[in-house]
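A structural walkthrough
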Amino acid sequence: MMSLSPDELLRLPRPFFFPESPEGVDPELVRRGLCPPLPLVVSPTQGGRERRLLVWGGALAAAARGLGTPALQVREWEEADLPPREALLLCLRLENRRDRYSPRETETLAAVMEEMGIPESDPQVGDLVSSRGALRPAFRRLRLGPAPRELASEEMIDIRTAENLGEVPEEVLRRLRPALEGMSFSDRRIFLNSLVEILLRDGPGNSERLAAELAAAADPVAAVRELRFPQLSLMEERFRDLSRRFFSGSGVVLKHPPHFEGRRFSISFDFDGPQVLGKKIGVLERFLREGGELYDLV
Amino acid sequence: MISYEPLSGNPPDAAAQLRKAVARLPFRRIYLSPEAEDLPAARRALERLPGLPVHSAPSREGIPEEHRSRETLFITRPRGGTVGRCPGSRGHLCCNYLTVDIYLGCSLGCSYCIMKSYLNFEPLVVHADPGPAVERIRGIARDNPDRMIRVGSGETGDSLELDPIFGLTEEFIRGLADLPNVRFEAKTKTVFVDHLLDIPDKGGAVMAFSLNAREVQQAEEGEAASIDERLRAAERAVRAGYMAAFHFDPVIAYPDWREGYGETIGKLGRFPADRVAWISLGTFRYPPALKDRMDRRPYLYDEFVPCRDGKYRYLQRRRGEIYTFMKKEISGTLDVPVYLCMESADIWRRVYGDMPLKMRDMHDIFTIARNADPPADSGASPGRKVVL
């Protein structure tokens, strides 16, 4: 066992990803010297010199420097005795934060694993990181473009929706970001999936104009639906208009078949005496005479 | 009428078609179930597919995981019932067609293939013993001497894609030829009819071709034959004495659909009406589960709404417009029965003004065969695939 000063430790390259902020470290433990020895890996370089890597403990070293602690204990291994995958496992064990890694940290870990050639299905790594399989979605996020990854990492959208966004130019997503922030999770999902489908249907040529239109809309979710289902939206609008014209304020409710599939419309109303009933019948008689356009909708 | 180029060219012969059928197949191995080893169709296929390693597997589940792919051909006998009713669709009118599943799966690769949603087993499966199905159809035909029995092999796969290799369709044609009330329909997107042309007694066999607009065929129908090639094959079949049938399914409402479908329909004018048994129409539809399994093609993002059977279809008004156009175009070209596949009563009334069983030329097509139902304790219900 040997000791190194915090400055020396912080100058060493760190192969893994953990936060460098000392905030998570209890200063009392550092002050009393109750820190575990920090693991170093020593490997020879081509020039015959030795290269040291700090496997874990960057945050501790930073805290020690802040507290004026002169040295921390370290434990050295030859690379042959602590190969890269074992070093990562040791690092995760010392970090001891199972289920408490942020989505961004798991993404960074996934990137490190990919670089080291450790498969995403590695059971030991996965088990040390999460009891809920958080590494797999991290690998999936890693394969996304920057804007979808950002939305998924911030948990604004689910990974599947993010993966669907491959057709959407990054610029379009950035432009729509303020509108997305104002939506519920579910609306955001509906909005983005509809946007993708519009681009798949119409091609990407007008994507910027589309983004501008949606970003400026008072209700972007309703606006994207109108663009995704133009005929259906028009039929719904005609139906609403017709209902307003004939039944507004009358208490008579007109309903169309779901999605205008079928030919059965329905009308309902309440009444509490002959006078009210007479009024409703009058409204219906007018509709019978003048409301023929309703049937064009199906 | 839209003009079309003459359908001409040297008819391919059966040997050349066999070579072509073999050359385009993706198979790298064959699995054979022990009970299928002695079947003539299986032996024929092994002779015609030389060079492929042949393994034994008692069932589909017996094929190793790594070989469960489209590169594997599995030859077996059918298990259970051999003749089924078309599964139909809840809330939609079914023509009560009977089906025999001899080829399960297809390697043509159409982007819209609905089989992707219910054939979750990748190897193409061939039920190489047509005998029990032929006997079952004969029984149904005997029980329904006054009714037309329509039965086809194109429900779960292309009827003729592998047929030059297995020769199963010939066994159905020969086995049913003496029954005047049976129409056995082989439905295809290939041109592989030539091995069937010399059968002397064709009975009521129908060579049916799925058709589409040329643009749809070129963009969406993978390795299927071109529309003109299919029509030339249909001509050869008709000249040889078969009835032909045509299926416009799925009709896809791409931007120039009227011109595209009008062009294909115009090409049907060369067929004598009395040699065309029927033409069916069906607009593109999909169960929700299929959408995620399909390629992201532009037509998939048109306006579809859920219908009573849970499948998504174009808006009713649009479907009515499409069918009315197609029916009118066909009526101006050929005077043959044109029916709708899996459509609602409302659409029938809108397009035809009536229901099919009330129309004289639809009666034979839509009449239900007696005693073609599954046994009472089979648990089968309307709208569900049943075996007989």
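Remarks on the sheet that holds strand β2 (residues 54-56) of chain B
Residue and element names in this part refer to chain B. The mixed open sheet is built from five strands, whose spatial order is β2-β1-β3-β7-β6. Two strands close off the open sheet at either side, each with one partner strand: β2 and β6 (103-104). Two elements, strand β1 (residues 29-32) and β2, share three bridges in a ladder whose sense is parallel. Paired with L32 across the two strands is S56, which belongs to β2.

Side note on the confidence of the model for chain B
Residue and element names in this part refer to chain B. For chain B, per-residue confidence averages 88 on the pLDDT scale, and 91% of positions sit at 70 or higher. Counting contacts from residues 1-9, a segment whose pLDDT is below 50, to residues more than four positions away or on other chains yields 19 contacts. For the stretch residues 374-388, pLDDT sits under 50, and the model shows 29 contacts to residues farther than four places along the chain or on other chains.

With respect to the sheet that holds strand β14 (residues 304-306) of chain B
Residues and elements named next belong to chain B. On the basis of which strands lie adjacent, the open sheet formed by three strands has the order β13-β15-β14 and antiparallel pairing. The open sheet is flanked by β13 (285-286) and β14, the only strands paired with a single partner. Where β14 and strand β15 (residues 312-314) come together, three bridges link them in antiparallel fashion. The partner of P306 across the bridge, within β15, is Y312.

Comments concerning the packing of helix α5 (residues 103-116) of chain A against helix α7 (residues 135-142) of chain A
Residues and elements named next belong to chain A. As a packed pair, α5 and α7 sit with axes 8 Å apart at the nearest point and diverge in direction by 75°. With respect to each other, α5 and α7 are oriented roughly perpendicular. Between α5 and α7, the contacting residues are P103, T106, E107, L109, A110, A111, M113 and E114 on the first element and L135, A138, F139, R141 and L142 on the second. Residue composition of the contact of α5 with α7, by class: nine nonpolar, one polar and three charged.

Overview of helix α4 (residues 131-143) of chain B
Residues and elements named next belong to chain B. With 13 residues, α4 should cover 18 Å at 1.5 Å per step; its first-to-last C-alpha distance of 19 Å lies within 8% of that length. What α4 keeps buried is the set A133, V134, I137, R138, G139, I140 and A141. For α4, the secondary structure elements touched by its buried residues are β4 (83-85), β5 (98-100), β8 (149-152), α6 (168-176) and β9 (182-188).

What to know about empty space enclosed by the protein
Residue and element names in this part refer to chain B. Taken as a whole and judged by the stated rule, the model has three cavities of 30 Å³ or more. Taken as a whole, the largest cavity encloses approximately 40 Å³ of empty space. As for the largest cavity, its lining consists of C95, N96, L98, M148, I149, R150, D364, I365, T367 and A369. Going through the elements one at a time, β8 and α13 (360-366) are the ones with two or more residues in the lining of the largest cavity. Considering only residue class, the lining of the largest cavity consists of six nonpolar, two polar and two charged. By volume, the second largest cavity is sized at about 40 Å³. F172, I173, L176, A177, V182, F184, K202, G203, G204 and A205 are the residues that line the second largest cavity.

A closer look at the state of the cysteines
All names here are of chain B. This structure, assessed with the given rule, holds zero disulfides over all chains. Free of any disulfide, C113 has its nearest cysteine sulfur in C106, 6.3 Å distant. By relative accessible area, C113 is classed as buried at 18%. Free cysteine C307: the closest other cysteine sulfur is in C341, separated by 14 Å.

Details of the interface of chain B and chain A
Interface size is commonly expressed as the accessible surface area that is lost when the partners come together. Between chain B and chain A, the residue contacts involve 22 residues of the former and 22 residues of the latter. Inspection of the chain B/chain A interface yields three salt bridges. In this structure, the salt-bridge partner of E167(A) is R296(B), at a minimum N-O distance of 2.9 Å. Taken together, chain B and chain A are joined by 12 residue pairs in polar contact (both at pLDDT 80 or more). Breaking the side of chain B that touches chain A down by element, the ones donating at least two residues are β14, α11 (316-331) and α12 (345-352) of chain B. Ranked by the residues each element gives to the side of chain B that touches chain A, the list is headed by α11(B), at four residues. The class makeup of the residues in the side of chain B that touches chain A is nine nonpolar, two polar and 11 charged.

Thresholds, definitions, all that
Residues numbered from 1 in each chain as written. Chains lettered and ligands numbered in written order. Predicted model: local features only at pLDDT ≥ 70, side-chain atom pairs only at ≥ 80, totals over all residues. Heavy atoms only, no water. Pairing = 2+ DSSP bridges. Helix = DSSP H or I, 4+ residues; strand = E, 2+ residues; numbered from the N terminus. pLDDT = per-residue confidence, 0-100. Contact = heavy atoms within 4.5 Å. Axes fitted to C-alpha atoms, helices over the stretch in contact; angles between N-to-C directions. Parallel < 35°, antiparallel > 145°, perpendicular 65-115°, else oblique. Nonpolar A, V, L, I, M, F, W, Y, C, P; charged D, E, K, R; others polar. Expected span 1.5 Å × (residues − 1). Buried < 20%, exposed > 50% of the residue type's maximum accessible area, 1.4 Å probe, protein only. 1 Å grid on protein atoms, 1.4 Å probe; cavity = no way out; pocket = protein on both sides within 12 Å on 5 of 7 lines; lining within 4 Å. Points joined across faces, edges and corners; volume = space filled by probe spheres on them. Disulfide = S-S within 2.5 Å. Salt bridge = Lys/Arg side-chain N within 4 Å of Asp/Glu carboxyl O. Polar contact = N/O pair within 3.5 Å; in protein donor to acceptor, adjacent residues only side chain to side chain.

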